[in-house]
Amino acid sequence: MTPAQVADELQLNVRTIQKWIRTGHLPAEQLGPRTTRIRRSSLDSLGSNPVMHDTEV
């Protein structure tokens with residue numbers, strides 16, 4: 001999934017998802033200089049309440 005797809009599914013801002021990736025809270029794979037993908041299993045591992053503290057960018 002793209003960061004935008006994850007943000008849409010979790011009803012969060014895409015910058016929040018990018019921050020989670022950058023800080024290691026959400027594992028992602030960098031496939032190219034501008035291509036990032038998140039596995040569904042990584043998203044599922046966030047649990048039922050994915051909203052983390054300090055989500056502001």
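Residues numbered from 1 in each chain as written. Predicted model: local features only at pLDDT ≥ 70, side-chain atom pairs only at ≥ 80, totals over all residues. Heavy atoms only, no water.

1. As for the nonpolar core
General note: in soluble globular proteins, nonpolar side chains tend to be found buried as a group. One finds V6, A7, I17, W20, L26, I38, L43 and L46 forming the largest nonpolar core, which totals eight residues. Only helix 1 (3-10) and helix 2 (14-23) provide two or more residues apiece to this core. (Core = buried A, V, L, I, M, F, W, Y, C linked by side-chain atoms within 4.5 Å. Buried < 20%, exposed > 50% of the residue type's maximum accessible area, 1.4 Å probe, protein only. Helix = DSSP H or I, 4+ residues; strand = E, 2+ residues; numbered from the N terminus.)

2. Remarks on the pairing of strand 1 (residues 29-32)
Sheet topology note: the strand 1/strand 2 (residues 35-37) ladder contains three bridges and is antiparallel. From the neighbouring strand, G32 faces strand 2, where its bridge partner is T35. In this antiparallel pair of consecutive strands, strand 1 and strand 2, the connection spans two residues. (Pairing = 2+ DSSP bridges.)

3. Considerations on unusual backbone geometry
Even without being glycine, Q11 reaches a positive phi, approximately 55°. Structurally, Q11 is set in the loop between helix 1 and helix 2. When its relative accessible area of 73% is taken as the criterion, Q11 is described as exposed.

4. Overview of the environment of V14
For V14, the location among the structural elements is in helix 2. The partly exposed category is assigned to V14, whose relative accessible area is 30%. C-alpha separation for the pair V14 and T2, spaced 12 residues apart in sequence, amounts to 9.6 Å. Beyond its immediate stretch of four places on either side in the chain, V14 contacts P3, A4 and A7. (Contact = heavy atoms within 4.5 Å.)

5. Things to note about helix 2
All of the buried residues along helix 2 are T16, I17, K19 and W20. Buried residues of helix 2 fall within an arc of 160° about the axis and therefore sit on the same side. Counted as exposed and oriented over 90 degrees from the buried face of helix 2: R15 and R22. Packing partners of the buried residues in helix 2 comprise helix 1. For helix 2, the N-terminal capping position is held by N13, with its side-chain oxygen 2.7 Å away from the main-chain nitrogen of R15. (Arc of directions from axis to C-beta. Polar contact = N/O pair within 3.5 Å; in protein donor to acceptor, adjacent residues only side chain to side chain.)

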